Amino acid sequence: MITEIEKITDESVKKAAEILRNGGIIGMPTETVYGLAAAGTIPSAVKEVFVVKGRPNDNPLIAHVHKNYDIEKLVEVERDYVYKLKKLFTPGPLTMVMKSRGVVCDEATCGGDTLAIRIPSHEGCQKLLREVDLPIVAPSANLSKHTSPVTAEHVFNDLNGKIPLILDGGKCTGGIESTVLDVTGEVPRILRAGLITKEMIENVVGACVVAEHKAGDKVKSPGVKYTHYKPRCDTCLYKENELEKAALRYEEEKTSGKTPYIMCRNAVAKYFNGKNLLNLGDTEEEIAASLYAALLEGEKKADIIIAIDMPSEKGIYLGITNRLRKSCG
Ligand code: TXA
Ligand code: MG
């Protein structure tokens, strides 16, 4: 199969919608990462997503809808705070898990009684979702266990020959996957940290907890039990108070004939002057936006990525450190 990359236009969006309605799958941009999209109401299309990604079939998918879609067609809204969160944070990188009404097929929810819903803010994605007017399920458009893609080219590199079309909506501005929030309980519970932070949710609802995923737990967000986000090169991770150790490691790797790259935020980059660098930028937003692109660039150029951890776990840093530790720890 030939995989075409097409910029978002009225025509390419119509073509993509047609493929989705006919049970095909495509690459689609969102503001967080690119998704591998299928109509959530067509079981054979959803199955194909799992096959193409090589995704374990006990890990459910997120259903994406446009901003005027009535989500109560798909889920039961049991908590009033859901309306506040929806009003403030969507369209945007927030996914809410609620009781499913069964419109989205069992293949997507993996037979569970809940459904994760997301209303992406990416304009091109909204255009596509309006055009199909169906819940579109989409995991990140990478092969299972690889880093999530943030450009159409990244999607192509993983899925060339396996899907007919990738809609090119430019580089994702968010850069890490959406916050997944369980909103079935009295207090919302973060299952996966992201750009909509615990602090932001607390400010609106009054309380918010971060789910702890311990070994042996019956996890509520099955995805977190899998190792994701791994670049295809060696990696290691040092704390910000271990810069000297990291620099030593760099020299050791170099001496042994390898090509090391240091990956860190701009504030500590000057410590590594003259070394191969993947600079993630200054602010939390910049760092989130450049993390996956840096890992994907790193795996091409480096034999080993020597990553430096973030200075805290507050705000967006929580989502960043989660990914950084999974990919490099
Ligand atoms: O930003 C994103 O969320 C991207 C873009 C494409 O929208 N999508 C994405 O999908 O990251 P995926 O499949 O890679 O991750 C979905 C996460 C997984 O951790 C999965 O376990 C969790 O959401 N999830 C999906 N449905 C769930 C449900 N019903 N209950 C609990 N967790 C759920
Ligand atoms: Mg993923």
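Residues numbered from 1 in each chain as written. Chains lettered and ligands numbered in written order. Predicted model: local features only at pLDDT ≥ 70, side-chain atom pairs only at ≥ 80, totals over all residues. Heavy atoms only, no water.

So, on to the overall build of the protein. Helix and strand counts for the protein stand at 11 helices and 16 strands. Along the longest, intermediate and shortest principal axes, the C-alpha atoms of the protein span 60 × 50 × 35 Å. The buried share among the 329 residues of the protein stands at 54%. For the protein, the proportion of contacts with a sequence separation of at least 24, taken over those separated by at least 6, is 69%. Just so you have it, the protein exposes about 14300 Å², and 48% of that area is on carbon and sulfur atoms. (Helix = DSSP H or I, 4+ residues; strand = E, 2+ residues; numbered from the N terminus. Buried < 20%, exposed > 50% of the residue type's maximum accessible area, 1.4 Å probe, protein only. Contact = heavy atoms within 4.5 Å. Areas by Shrake-Rupley, 256 points an atom, 1.4 Å probe, with all protein chains shown as cover.)

When you line up the elements, Gly-112 lands in the loop between α4 (106-109) and β7 (114-118). Taking relative accessible area as the criterion, Gly-112 reaches 34% and is therefore assigned partly exposed. C-alpha of Gly-112 to C-alpha of Lys-171: the two residues are 59 residues apart in sequence and 33 Å apart in space.

Here we come to the pattern of salt bridges. Pairs can form between side chains of opposite charge once their charged atoms are near each other. Summed over all chains, the structure comprises 19 salt bridges. Between Lys-245 and Glu-242 there is a salt bridge; the shortest N-O distance is 3.6 Å. Here Asp-309 makes a salt bridge to Arg-325, at a shortest N to O gap of 2.9 Å. One end of the pair, Asp-309, is in the loop between β16 (304-308) and α11 (316-328); the other, Arg-325, is in helix α11, with 16 residues separating them in the sequence. The exposure class assigned to Asp-309 is buried, which follows from its relative accessible area of 9%. Residues joined by salt bridges that share partners form a network here, namely Glu-4, Glu-6 and Lys-15. (Salt bridge = Lys/Arg side-chain N within 4 Å of Asp/Glu carboxyl O.)

It is worth spelling out the environment of Met-98 at this point. Within the fold, Met-98 resides in strand β6 (residues 94-100). Classification of Met-98 as buried rests on a relative accessible area of 2%. Taking the C-alpha atoms as reference points, Met-98 and Lys-84, separated by 14 residues in sequence, lie 15 Å from one another.

The next subject is the sheet that holds β16. Reading across from one edge, β13-β16-β14-β15 is the order of the four strands in this open sheet, with parallel pairing throughout. Edge positions in the sheet fall to β13 (234-238) and β15 (277-279), since each has one partner strand and no second. Taking each pair of neighbouring strands and ignoring which way they run, the sheet shows an average axis angle of 20°. Summarising the sheet, strand β14 (residues 260-264) and β16 pair through four bridges and their orientation is parallel. From the neighbouring strand, Pro-260 faces β16, where its bridge partner is Ile-304. Packed on one face of the sheet, helix α10 (residues 284-301) meets β14, β15 and β16 and runs near 175° to β14. Strand contacts of α11: β13, β14 and β16, with the helix running at about 130° to β13, the strand carrying the most contacts. (Pairing = 2+ DSSP bridges. Axes fitted to C-alpha atoms, helices over the stretch in contact; angles between N-to-C directions.)

Bringing the environment of Leu-278 into the picture now. Within the secondary structure, Leu-278 is located in strand β15. Each C-alpha atom, one on Leu-278 and one on Ser-290, is 9.4 Å from the other, the two residues being 12 residues apart in sequence.

Let us now look at the nonpolar core. Proteins that are soluble and globular tend to have nonpolar side chains buried together. Grouped together as the largest cluster of nonpolar side chains are 75 residues, with contacts concentrated most on Leu-85, Met-263 and Leu-291. Looking at which element gives the most residues to this core, the answer is α10, with seven residues. If near-sequence neighbours (up to four positions away) are discounted, Leu-85 is found in contact with Thr-90, Leu-94, Met-96, Leu-181, Val-183, Ile-201, Val-204 and Val-205. (Core = buried A, V, L, I, M, F, W, Y, C linked by side-chain atoms within 4.5 Å.)

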